[in-house]
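Breakdown of the fold
Read off the chains here:
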Amino acid sequence: MGLDRPKSEEQVNATVLVSQHEGWTELTLNRPERLNAFNEELHHALAAALDAAASDDCRAVLLTGAGRGFCAGHDLGDSAESAAPPDLGAALDTLYNPLVRRIRALRKPVVCAVNGVAAGAGANVALACDIVLAARSAKFIQAFAKIGLVPDAGGTFFLPRLIGEARARALMLLAEPVSAEQAAAWGMIWKAVDDTALLDEARALTAHLATQPTQGLAMTKAALNASSGNALDAQLDLERDLQREAGYTPDHQEGVRAFTEKRPARFTGRAR
Ligand code: LHQ
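Residues numbered from 1 in each chain as written. Predicted model: local features only at pLDDT ≥ 70, side-chain atom pairs only at ≥ 80, totals over all residues. Heavy atoms only, no water.

Let's talk about the sheet that holds strand β9 (residues 139-141)
- Strand order in this open sheet of 4 strands is β5-β7-β9-β10, and the pairing throughout is mixed. Bordering the open sheet on either side are β5 (69-71) and β10 (178-179), each of which pairs with just one other strand.
- In the packing of helix α4 (residues 121-128) onto the sheet, contacts are made with β5, β7 (117-119) and β9, and the angle to β7 comes to roughly 100 degrees. (Pairing = 2+ DSSP bridges. Helix = DSSP H or I, 4+ residues; strand = E, 2+ residues; numbered from the N terminus. Contact = heavy atoms within 4.5 Å. Axes fitted to C-alpha atoms, helices over the stretch in contact; angles between N-to-C directions.)

As structure tokens, this is what we get:
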């Protein structure tokens, strides 16, 4: 799968490092001196990289951070330097909300390897991803209350659904850090992994996903995205519609053929 030798690596000084592998793409937030806090440049680079990952030859995405942090949220240096109070709603409208929507809408799995602290919007962008692994030393902090802000980037949507109201409310009102192990025990993330094993494990998982029936996974993602807003009847109808579509994919036919022939399936990820 070319885990150790990416097909191409770009942008040595860029705010997002893009590394193309066989069927999957690794994106590394790259402002380590600011714990990968988001500024506009990082947002634009990440949006462009995610849009590029929408192409057919990329079947899974891995998102991680350079250095000792995953992402410390919004770059507070930018706000501190501005003379007038900034319009934070505009930043959400134009930068953070489109990012969360891009991740959720991407028709392929997005794996997040939280390599260190994930704070503020950085924590919630991680929670927007499909499968989250975290280094045992990493922490998740709903840091907003410490600076008089409201949890954003989808946090008030994702967190209570993942870990329940009681825990989400306390974490958001107290801004207390949660360890990776606690996050996994609460169901906030998929797994806590030894620090030294995190990237290898996340890359192997992403490479595996890139060999799976991409269209079926995209539809599974769509069904799960819709689930929390739907009543049972609507969700059953949606499952019917998506299953109908999945049934026409070449990967479904290949999966059944491989099963009957007692051999591993060779999925292409193609729609037709
Ligand atoms: C940073 C940051 C940072 C700049 C560390 N910015 N430099 C808000 C507004 C607009 C629209 C949308 O949404 C939002 C939502 C948000 O995300 S608000 C929440 C923003 N994030 C935070 O409040 C977290 C602030 N950071 C921290 O509390 C700590 O840095 C954590 C707990 C993340 C890590 O602590 P340490 O491990 O002790 O590291 P550190 O504090 O020493 O940070 C290392 C460097 O990174 C340091 O720079 P320096 O030049 O002193 O070495 C920090 O200033 C810088 N940094 N976070 N968000």
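We are not done yet, so read on.
Brief notes about the site of the ligand
- Neighbouring the ligand are 25 residues; Arg68, Ala72, His74, Leu76 and Asp152 lie closest to it.
- Measuring from a nitrogen atom of the ligand, one finds a backbone N or O atom of Leu76 at 2.9 Å.
- For the ligand, an oxygen atom lies 3.0 Å from a polar atom in the backbone of Ala121.
- If you list the elements that add at least two residues to the shell around the ligand, you get α2 (76-81), α3 (88-105) and β7.
- Per element, the largest residue contribution to the shell around the ligand is 4 residues, and it comes from α3.
- When its residues are assigned to classes, the shell around the ligand shows 16 nonpolar, 4 polar and 5 charged. (Near = heavy atom within 4 Å. Polar contact = N/O pair within 3.5 Å; in protein donor to acceptor, adjacent residues only side chain to side chain. Nonpolar A, V, L, I, M, F, W, Y, C, P; charged D, E, K, R; others polar.)

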